[in-house]
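Per-entry structural report
In case you want the letters, here they are:
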Amino acid sequence: MKTIIMAWRNLLRQKRRTLITLSALIAGLCGVVVFQGYITSLMRSFRDSTIRSGIGHLQIARSPEYFQDGEFNPYAYALKDDEKLISGLAGHPGVLAAFPSTGFTAIAGKGDKSATLLVKAYPAERMFFAPARGRVSPPADRFGLGTLLAGSPPSAGEKDRLVLGETAARILGVTPGAVVTLMAVLPDGGLNGRDFTVDAVYKAPGRDKIFAFTDYATAVDFTGIQGAAVVHVLAKDIRAVPSLAASVPADHAVRTWHDLATYFVQVNTMFTGFLNVIRAIILLVTLFIMGNTMNRIVRERMREWGTLRAMGMKKKSILLLVILEGCFQGIVGAALGILLGFGVSALLNLGGGIPFMADGQRVMVKLLPSGQSIWWNLILAGLFAAVASFLPGLRAVKLTPSECLRQV
Amino acid sequence: MSLISVRNVQKSYRLERTDTPALMDVSLDVQAGERVCLMGPSGSGKSTLLNLIGCIDTPTQGSVIVDGEDTGRLADARLSDFRNRRMGFIFQSFNLIPVLSVFENVEYPLLLQKVPAKERRARVEELLGKVGIAEYARRSPENLSGGQRQRVSIARALVARPRLVIADEPTASLDHATGSSIMQLMVEMNESEGATLIFSTHDPAVSRYARRIVKMLDGRISEDGSAA
């Protein structure tokens, strides 16, 4: 206990030097906390928009194969019990919305122009297209499918309406109010053709050339398909997803957003990697600075080590004293750095956040510094500092007490 | 049996690739309760001999037996325990631990022995009272005068009731009057605590506090006799 007290008091012995030594760690960890807050915020926003871009927190299908080729062959995977499944899920306290979707491939024609479309069908009340001006997030119980360029999307009960992508509309030369003819292959192999009114034109990079949207009831009526290809679940809280997944009947295939959002997972992994590299660099710099400082401290206190050993303190206790002192430096530096990081984040948030360009628009990102990594940062800093103090500590016990006492 | 038995001890230091002898074939016996002064000019080997007797250094040749233990055969950890239980050290520069208060400095050897807190407190308070600095117990040693610091050092050396107290030039950093009072205190404590006292000095005025004077010159004992 006394060794711990002595190590702590030694830390405060030369406050200025301690602070200078710790400045690298403080500045570095402050940077890590701010960067982490920025990345967390961006990734959370990216995650939520990915989930609401048509994936959902959960997808439930008839069999695991649906998740391999079902999007291009939805007829083969029609759920026979989708209504029962949806009503069962709707009663779950963690479910915000559960709804079906299906789709079909069609050739759209307008005069002498045609385009191939993958028509996705969700209930009209679950589709959301953001206005072109301003940045509006979709409501929590809807999918945000793009930015509305013209017209207004269909409401529930409006039949044979279509939301076309900007590129497809340009190819077909149509604007809202125009009628296009869709030709689609039916589940029984026959062909069906029907006129659809273009209600709206939307924009979504990488998507608006091929994807069109229609109301789920229209798709069922047009294709005659019996049952949804997949049931989407939007959860009230993302943390409830595992329990929701577990509550799905065992004869269904379930995928969580994490399984399906592969691009998000890749980007998230990449940024987490960046963060870990930065953290490792900071800790390595700390290792060298602290090792150097501890070396100096050990040299300066040679007489003290000699005195303590003359009094009967064992070598291992001296080593422990030096390592503890280093550990405390690391932990105090990390704690100050984390505190400063939270302070800087709060200040930046007060000023509106950090700017970020999203879909050509400048948005302010509020920082979300994570409390979860505090302990991790503290433990790592303490460990690195302990490692940095080990060699100086060995130097403190290498000499005999009389050799230590002879040092000036 | 002697409390200390130094037999044919040699000690050399390696300086710039050459061995420099500090002690040459030194033998000395000290009985329990004696008050011995090692006297000699700088470089005569008195500090080296004190370090060997105090087990804080090892001889190049020969043996040092203290309280029946051949100290050269003890492993480092046991040697630490041995020093803690049998010896007390008083240094020329006091060597108090600056991050510990006066009380804590004196208490430290007892902490290493894991003496219960109540017992420690009583013993430290007793010693601080005896050396006349009880009122400074909570102070940092850095706020004390040289004489007061050496009193703390004496209390620390005696707190664990050692059989042997080793003092290397205990008055060298003090003015004459303070040095005399410190020596007087050491003599009183030596008598009241019953520890054997060995100290070194090059000052004849200090040597008069010893009952036996061992004179050293060029790494050898040149004279060994009772104080006049």
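Predicted model, so just to flag it, every value in this text is computed and none were measured.

What about the overall build of chain B?
Helix and strand content of chain B: seven helices and ten strands. A compact globule built from 228 residues should have a C-alpha radius of gyration of about 17 Å, and chain B, at 17 Å, falls within 12% of that. Principal-axis analysis of the C-alpha atoms places the extent of chain B at approximately 45 × 40 × 40 Å. Expressed as a percentage of its 228 residues, the buried residues of chain B come to 55%. Sequence-distant contacts, at least 24 apart, represent 71% of the contacts inside chain B between residues at least 6 apart. About 9900 Å² of surface is accessible on chain B, with carbon and sulfur atoms providing 46% of the total. In chain B, 29 positive and 28 negative side-chain charges are present, and the distance between their average locations comes to 4 Å.

Considering the interface of chain A and chain B
Contacts between the two partners involve 21 residues from chain A, matched on the other side by 26 residues from chain B. The interface formed by chain A and chain B includes four salt bridges. Here Asp76 of chain B makes a salt bridge to Arg309 of chain A, at a shortest N to O gap of 3.4 Å. The tally of links between chain A and chain B comes to 13 residue pairs in polar contact (both at pLDDT 80 or more). Of all the elements in the fold, those that place two or more residues in the side of chain A that touches chain B are α1 (2–11), α10 (302–311) and α13 (401–406) of chain A. Of all the elements, α10 of chain A adds the most residues to the side of chain A that touches chain B, at seven residues. Considered class by class, the residues forming the side of chain A that touches chain B number seven nonpolar, five polar and nine charged.

Describing the packing of aromatic side chains
According to the stated counting rule, one finds 16 aromatic pairs over all chains in the structure shown. Centroid distance Phe129 of chain A to Tyr202 of chain A: 5.6 Å. Interplanar angle 50°. Geometry classified as tilted. Remark: Tyr202 of chain A occurs in strand β8 (residues 191–203) and Phe129 of chain A occurs in strand β4 (residues 127–130); sequence separation between them is 73 residues. Take Phe129 of chain A: its relative accessible area is 6%, and that puts it in the buried class. Taken together, the aromatic side chains of Phe99, Tyr122, Phe129, Phe143, Tyr202 and Phe213 of chain A make up a single cluster linked through ring pairs. The ring of Phe103 of chain B has Arg138 of chain B lying over it, and the distance from NZ or CZ to the ring centre is 4.7 Å.

Focus on a positive patch on the surface
All names here are of chain A. On the surface, Arg296, Arg299, Arg395 and Lys398 cluster together into a positively charged patch. Put simply, the parts of the chain that give the positive patch at least two residues each are α9 (262–300) and α12 (372–398). By secondary structure assignment, the location of Arg395 is in helix α12. A relative accessible area of 36% places Arg395 in the partly exposed class.

Concerning the nonpolar core
By size, the foremost hydrophobic cluster in this structure holds 46 residues, and its most contacted members are Leu58, Phe129, Phe213 and Val233 of chain A. Ranked by residues supplied to this core, first place goes to helix α2 (residues 15–55) of chain A with eight residues. Excluding anything up to four places from it in sequence, Phe213 of chain A contacts Val119, Lys120, Tyr122, Met127, Phe129, Leu145, Arg161, Leu162, Val163, Tyr202 and Arg207 of chain A. In terms of nonpolar packing, the next biggest core, distinct from the first, is built from 41 residues, Phe103, Val124, Val159 and Val187 of chain B among them.

Definitions and cut-offs
Residues numbered from 1 in each chain as written. Chains lettered and ligands numbered in written order. Predicted model: local features only at pLDDT ≥ 70, side-chain atom pairs only at ≥ 80, totals over all residues. Heavy atoms only, no water. Helix = DSSP H or I, 4+ residues; strand = E, 2+ residues; numbered from the N terminus. Rg over C-alpha atoms; globule rule 2.2 N^0.38 Å. Buried < 20%, exposed > 50% of the residue type's maximum accessible area, 1.4 Å probe, protein only. Contact = heavy atoms within 4.5 Å. Areas by Shrake-Rupley, 256 points an atom, 1.4 Å probe, with all protein chains shown as cover. Lys, Arg positive; Asp, Glu negative; His and termini not counted. Charge placed at Lys NZ, Arg CZ, Asp CG, Glu CD. Salt bridge = Lys/Arg side-chain N within 4 Å of Asp/Glu carboxyl O. Polar contact = N/O pair within 3.5 Å; in protein donor to acceptor, adjacent residues only side chain to side chain. Nonpolar A, V, L, I, M, F, W, Y, C, P; charged D, E, K, R; others polar. Phe/Tyr/Trp six-rings, centres within 6.5 Å; stacked < 30°, edge-to-face > 60°. Lys NZ or Arg CZ within 6 Å of the ring centre and 35° of its normal. Patch = residues over 30% accessible without salt bridge, like charges linked within 9 Å, V, L, I, M, F, W, Y side chains within 5 Å. Core = buried A, V, L, I, M, F, W, Y, C linked by side-chain atoms within 4.5 Å.

Remember that the coordinates give geometry; whether it matters functionally is a separate question.
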